[in-house]
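# Working through the structure, step by step
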Amino acid sequence: MSTVVGVVVFPGTNCEMDAVEAVDGLGGTGRLLWHGDDDLTGVDAVIVPGGFAHGDYLRPGAIARFSPAMAAVARFAADGGPVLGICNGFQVLTEAGLLPGALQKNRGLKFLCRPTTVRVETTESSLTGSAAVGAELSIPVNHFEGNYTCDVPTLQQLRDEDRIVLRYVGNPNGSIDDIAGICNEARNVVGLMPHPERACNELLGSTDGEVLIRSLLAAAA
Amino acid sequence: MQFSVLVDIRLRGGISDPAGATIERALPVLGYEGIDGVTVGKTIRFTIEAADVEAAREAAAELTESFLTNPVIEDAELTVEQISPGSGT
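Residues numbered from 1 in each chain as written. Chains lettered and ligands numbered in written order. Predicted model: local features only at pLDDT ≥ 70, side-chain atom pairs only at ≥ 80, totals over all residues.

## A closer look at the overall build of chain A
- Scanning chain A from N- to C-terminus turns up 5 helices and 11 strands.
- Its C-alpha atoms give chain A a radius of gyration of 15 Å, near enough to 17 Å, the size a compact globule of 221 residues would have.
- For the C-alpha atoms alone, the extent of chain A along its principal axes is close to 40 × 35 × 35 Å.
- When each of the 221 residues of chain A is scored for burial, the buried share is 59%.
- When contacts within chain A are restricted to residue pairs at least 6 apart in sequence, those whose partners lie at least 24 apart make up 75%. (Helix = DSSP H or I, 4+ residues; strand = E, 2+ residues; numbered from the N terminus. Rg over C-alpha atoms; globule rule 2.2 N^0.38 Å. Buried ≥ 20, exposed ≤ 12 C-beta atoms within 10 Å, placed from the backbone. Contact = placed C-beta atoms within 7 Å.)

## As for the overall build of chain B
- The secondary structure content of chain B amounts to 2 helices and 3 strands.
- When the helices and strands of chain B are read in sequence order from the N terminus, they spell out β-α-β-α-β.
- Relative to the globule expectation of 12 Å for 89 residues, the C-alpha radius of gyration of chain B, 17 Å, shows a markedly less compact shape.
- Each principal axis of the C-alpha distribution contributes one length, and for chain B these read about 50 × 30 × 15 Å.
- Burial status across chain B gives 15% buried among its 89 residues.
- Taking contacts inside chain B between residues at least 6 apart in sequence as the whole, the part at least 24 apart equals 70%.

## Concerning the sheet that holds strand E1 (residues 2-11) of chain B
Residue and element names in this part refer to chain B.
- With antiparallel pairing, the 3 strands of this open sheet are ordered in space as E2-E1-E3. The outermost strands of the open sheet, each flanked by one partner alone, are strand E2 (42-49) and strand E3 (74-82). The mean inter-strand angle of the sheet, taken between neighbouring strand axes irrespective of direction, is 20 degrees.
- Pairing of E1 with E2 involves 8 bridges; the strand directions are antiparallel. Bridge pairing in E2 links Ser-4 to Thr-47. (Pairing = 2+ DSSP bridges. Axes fitted to C-alpha atoms, helices over the stretch in contact; angles between N-to-C directions.)

## Considering the sheet that holds strand E10 (residues 179-183) of chain A
Residue and element names in this part refer to chain A.
- Strands sit in the order E2-E1-E3-E4-E11-E10-E9-E6-E7 across an open sheet of 9 strands; the sheet is mixed. Each of the sheet's edge strands pairs with one partner strand only, and the pair in question is strand E2 (29-34) and strand E7 (136-143). Sheet twist, expressed as the average angle between the axes of neighbouring strands with direction ignored, equals 25 degrees.
- Bridge count for strand E3 (residues 45-48) against strand E4 (residues 83-86) is 3 bridges, and the pairing is parallel. Within E4, the position partnered with Val-48 by the bridge is Gly-85.

## Observations concerning the pairing of E1(B)
- Summarising the sheet, E1(B) and E3(B) pair through 9 bridges and their orientation is antiparallel. Note on E3(B): the bridge partner recorded for Val7(B) is Leu78(B).

## Observations concerning the interface of chain B and chain A
- Counting from both sides, the interface comprises 10 residues of chain B and, opposite them, 15 residues of chain A.
- With 3 residues, the single largest contributor to the side of chain B that touches chain A is helix H1 (residues 18-29) of chain B.

## Looking at the nonpolar core
- Of all hydrophobic cores here, the largest spans 69 residues; its most connected members are Val8(A), Val46(A) and Val73(A).
- Among the nonpolar cores identified, the runner-up in size contains 8 residues, and Ala56(B), Ala60(B), Leu68(B) and Ala76(B) belong to it. (Core = buried A, V, L, I, M, F, W, Y, C linked by C-beta atoms within 7 Å.)

## Things to note about the pairing of strand E9 (residues 164-169) of chain A
Residues and elements named next belong to chain A.
- In this sheet, E9 lies alongside strand E6 (residues 112-120) in antiparallel orientation, the contact comprising 4 bridges. Note on E9: the bridge partner recorded for Arg-119 is Arg-167.
- Alignment of E9 against E10, held across 3 bridges, turns out to be antiparallel. Counterpart to Leu-166 in the pairing with E10 is Gly-181.

## Description of unusual backbone geometry
All names here are of chain A.
- Of note, His-54 is a non-glycine position whose phi angle comes to about 50 degrees, a positive value.
- Mapped onto the fold, His-54 is located in the loop between E3 and helix H2 (68-78).
- Classification of His-54 by C-beta neighbours within 10 Å gives buried; the count is 22.
- Of note, Asp-178 is a non-glycine position whose phi angle comes to about 60 degrees, a positive value.

## As for the environment of Asp79(A)
- Position of Asp79(A) among the secondary structure elements: in the loop between H2 and E4.
- The spatial distance from the C-alpha of Asp79(A) to the C-alpha of Leu103(A) is 26 Å, given a sequence separation of 24 residues.

## Here's the deal with the confidence of the model for chain B
- Overall, the predicted model of chain B reaches an average pLDDT of 92, with 94% of residues at or above 70.
- For this predicted complex, the interface confidence reaches an ipTM of 0.80, while the overall pTM sits at 0.92. (pLDDT = per-residue confidence, 0-100.)

## Observations concerning the environment of Ser125(A)
All names here are of chain A.
- Tracing the backbone shows Ser-125 in the loop between E6 and E7.
- Owing to 30 C-beta atoms within 10 Å, Ser-125 belongs among the buried residues under this scheme.
- For the pair formed by Ser-125 and Arg-163, sequence separation is 38 residues and the distance between their alpha carbons is 8.2 Å.
- The residues touching Ser-125, leaving out its near neighbours within four places in the chain, are Val-165, Cys-183, Arg-187 and Val-190.

Here it is as structure tokens:
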């Protein structure tokens, strides 16, 4: 049985098929989960994908966190299941309180859609278990509100507990401490702004995302 | 009783406000001088049913804190006013 990765779909999500394609391409089975359902039976890992859940109205992720699926994802995470929030999914996870901090508008007020280089800072997370510390990966970003921020004690805690999973090399959006991705205390919930699922095919210009998606599959097994 | 609520949401100090900064930078170009501290936020208005103004304020504050704002990056100021009966509003 291959590893089943549930991909949560909200109204306005638009990266769900990219995530399913990446998972399937690496030997897993991507399964779409409608946000109104709260049944994660048979799911080994969860991806909250990118897009504009509920139109990003009020704030990105603000309304999505009240979906029945998110209550199920919170329970799944509390039980130790691997959960990955990509881009809008990262915003949803911060709004849901599964990850600390918030994503504010990019420094420079521009929507950014381009490749970035990120450095793997720790392998102790469900996203980086198969990667190498210091490895630099080419992964695209596609966001307007990707500028990670948190208060000083939270930043100190993230550093002290080695919870900064990925940092930008050449910070594109003003994120504090060049943060591109973080994990929770238990290290099974990870959020990042770059899109590893869009870097899993030569045709897309990079396959550097594969090691991250493979790590997620391994964490779920 | 019905109360009208105005929620004035602002970015907290230290949170970058690129929209406000961009407007401020444009002002001298347009000939406006001496204007400082431009910030861009949002307002939300609604009516709420409550026993009295204190209850209305408390309910609106809870809603604001838990949903309408993200306290990591935003502050809000509430204005709560009774909608006078018969005013037609």
